[in-house]
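Residue-level structural notes
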Amino acid sequence: MSGLIRFGISLDKELSEQFDQRIKHKAYTNRSEAIRDLIRQDLVHQEWQEGDEVAGAVTLIYDHHKRELLNKITDIQHDFQQVIISAQHVHLDHHNCLEIVAVKGNPAMVQHLADRLKAVKGVRHTTLSMSTTGKGLA
Ligand code: NI
């Protein structure tokens, strides 16, 4: 197969065993697949730091009963329209709301949006999931 290269990796036994356990746990069928994913993950991380366009999602969990909180979260999102593709609101239970904000664009601006949302008082948990638009990834 053209375009495919093979290379050997030297690892100490303990690290190799730990990696194999991890592979099994994550249901990879072989080491190559797992290593390819790790390499892609690292390249995506670099793209996030240096690239000009990235994609991802910001998720936040917050108290449904604090109405002023929803206003703040909405205000912030209006300030970042440039990088927000969509937002989905899920009523998790009687008390909690989950908001998933899909983002695409400048990495620094996306990070700034995530930081602003995280800083809102009463937001219980925030994650920024970093992905890529896929351009330039094999
Ligand atoms: Ni809700």
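Keep in mind that what you see is a predicted model, and the values were worked out from it rather than measured. (Residues numbered from 1 in each chain as written. Predicted model: local features only at pLDDT ≥ 70, side-chain atom pairs only at ≥ 80, totals over all residues. Heavy atoms only, no water.)

Time to look at the overall build of the protein. Broken down by element type, the protein carries four helices and four strands. In the protein, the order of α-helices and β-strands from amino to carboxyl end is α-α-β-α-β-β-α-β. The C-alpha atoms of the protein give 19 Å as radius of gyration, which overshoots the globular expectation for 138 residues (14 Å, by more than 25%). For the protein, buried positions account for 28% of its 138 residues. The contacts in the protein between residues at least 6 apart in sequence include a share of 67% that link residues at least 24 apart. Looking at the protein as shown, the accessible area adds up to about 9,900 Å², and 51% of this sits on carbon and sulfur atoms. (Helix = DSSP H or I, 4+ residues; strand = E, 2+ residues; numbered from the N terminus. Rg over C-alpha atoms; globule rule 2.2 N^0.38 Å. Buried < 20%, exposed > 50% of the residue type's maximum accessible area, 1.4 Å probe, protein only. Contact = heavy atoms within 4.5 Å. Areas by Shrake-Rupley, 256 points an atom, 1.4 Å probe, with all protein chains shown as cover.)

Moving on, we come to the sheet that holds strand β1 (residues 54–63). Spatial strand order, β2-β3-β1-β4: four strands in an open sheet with antiparallel pairing. The two strands at the open ends of the sheet, each matched to only one other strand, are β2 (84–91) and β4 (123–131). Averaged over all pairs of adjacent strands, the angle between their axes in this sheet comes to 15°, without regard to strand direction. As paired strands, β1 and β4 are joined by eight bridges and run antiparallel to one another. Pairing of Tyr 62 across the sheet is with Val 123, part of β4. (Pairing = 2+ DSSP bridges. Axes fitted to C-alpha atoms, helices over the stretch in contact; angles between N-to-C directions.)

Attention shifts here to the coordination of the nickel ion. Around the nickel ion, the protein supplies His 89 (NE2), His 91 (ND1) and Cys 97 (SG) as donor atoms, at distances of 2.1 to 2.4 Å. In the primary sequence, the donor residues of the nickel ion line up as H-x1-H-x5-C. Judged by its relative accessible area of 31%, His 89 falls in the partly exposed class. Assessed through its relative accessible area of 60%, His 91 is described here as exposed. (Donors = N, O, S within 2.8 Å, 3.2 Å for Na, K, Ca; no water.)

Along the chain, the position of Glu 99 falls in strand β3 (residues 96–105). One buried charged side chain, Glu 99, makes no salt bridge at all; its nearest oppositely charged neighbour is Arg 67, positioned 12 Å away. Of note is the side chain of Glu 99, whose polar atom sits 2.9 Å from the side chain of Gln 77. Not counting chain neighbours up to four residues away, the residues in contact with Glu 99 comprise Val 58, Thr 59, Leu 60, Tyr 62, Ile 73, Gln 77, Ala 87, Gln 88 and His 89. (Lys, Arg positive; Asp, Glu negative; His and termini not counted. Salt bridge = Lys/Arg side-chain N within 4 Å of Asp/Glu carboxyl O. Polar contact = N/O pair within 3.5 Å; in protein donor to acceptor, adjacent residues only side chain to side chain.)

Taken together, Ile 5, Phe 7, Ile 9, Leu 11, Leu 15, Ile 39 and Leu 43 make up a surface patch of nonpolar side chains, about 700 Å² in accessible area. By the secondary structure assignment, Ile 39 is in helix α2 (residues 31–50). Looking at Ile 39, the relative accessible area reads 44%, which means it is partly exposed. (Patch = residues over 30% accessible without salt bridge, like charges linked within 9 Å, V, L, I, M, F, W, Y side chains within 5 Å.)

This part covers unusual backbone geometry. Apart from glycine, the bulk of residues carry a negative phi angle, and the bulk of peptide bonds sit in the trans form. Notably, Ala 27 is not glycine yet its phi reads approximately 65°, a positive angle. Here Ala 27 shows up in the loop between α1 (13–25) and α2. Residue Ala 27 is classed as exposed on the basis of its relative accessible area of 62%.

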